[in-house]
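Okay, here's what each chain looks like letter by letter:
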Amino acid sequence: LLEHRDIPKVLCSGSVFGFVERGLPGALDTCRLADSWSGYPATWRELVHFIVAEQIQHLVFLSGDYHFSALSELELRGDGTHPPVRALSVACSGWNASLPFANSVPQDFVMEQPVDYPLGDDFASIRCLATPMSTAHRQFSKLTLTQDAQSAWWLTARVYDTTGELQSRQIRAL
């Protein structure tokens, strides 16, 4: 991360980062039971603090596990000695999510409104703005990072189901 501060970096994790389950903000003691980074608050705070202190730019967190596809815009904040860092998190469904009893759905999460990631503190915090992309039972996602003529980086996320492209979203990967 330190050697490539100004080019896009994709951080892959089996656990989802940057999506807030609806029940967590009101019941912080349940965060440690979550099957996401919110279950490991000391770890994610250390990572966020490092990213902000070192001003690591153009980060994309990539994960799966939720069995739907969504994108979250993140504002990573440290202890106030450095400006926040903007990052993106993409959750991509697996090829087959046809077991409704086992699948999360976007309604289980805070979507389309800013929310603070649970258990942030003065050392590190995250502001999240998540947007659902697809809940199709059979889908896959394709992510593309491109640089425009003004040297800005863009992430394009495309979600496909068995009939073709369902959703496409392009967002600047600052």
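Keep in mind that what you see is a predicted model, and the values were worked out from it rather than measured.

Participant: Please set out the state of the cysteines residue by residue, giving values where relevant.
Facilitator: With the rule as written, the count across this model stands at zero disulfides. Not part of a disulfide, Cys12 finds its nearest cysteine sulfur in Cys92, a span of 9.5 Å.

Participant: Just give me the short version of the sheet that holds strand S3 (residues 69-77), but keep the residues and values in it.
Facilitator: Here we have six strands laid out as an open sheet, ordered S1-S2-S4-S3-S6-S5, and mixed in their pairing. At either end of the open sheet lies a strand with only one pairing partner, and these are strand S1 (9-13) and strand S5 (115-116). As paired elements, strand S2 (residues 59-63) and strand S4 (residues 85-91) share five bridges and run parallel to each other. Each bridged residue has a counterpart across the sheet, and for Ser63 the counterpart in S4 is Ala91.

Participant: I'd like a description of helix H1 (residues 41-53), backed by residues and values.
Facilitator: Between the first and last C-alpha of H1 there are 18 Å, a value that for 13 residues agrees with the 18 Å anticipated at 1.5 Å per step. Those residues of H1 that fall on the buried side of the exposure criterion are Pro41, Trp44, Arg45, Val48, His49, Ile51 and Val52. Projected down its long axis, H1 shows its buried positions confined to an angular sector of 165 degrees, all on one face. Where the residues of H1 are buried, they touch S2, S3, S4 and strand S6 (125-134).

The rules behind each value
- Residues numbered from 1 in each chain as written.
- Predicted model: local features only at pLDDT ≥ 70, side-chain atom pairs only at ≥ 80, totals over all residues.
- Heavy atoms only, no water.
- Disulfide = S-S within 2.5 Å.
- Pairing = 2+ DSSP bridges.
- Helix = DSSP H or I, 4+ residues; strand = E, 2+ residues; numbered from the N terminus.
- Expected span 1.5 Å × (residues − 1).
- Buried < 20%, exposed > 50% of the residue type's maximum accessible area, 1.4 Å probe, protein only.
- Arc of directions from axis to C-beta.
- Contact = heavy atoms within 4.5 Å.

Keep in mind these values describe shape, not function.
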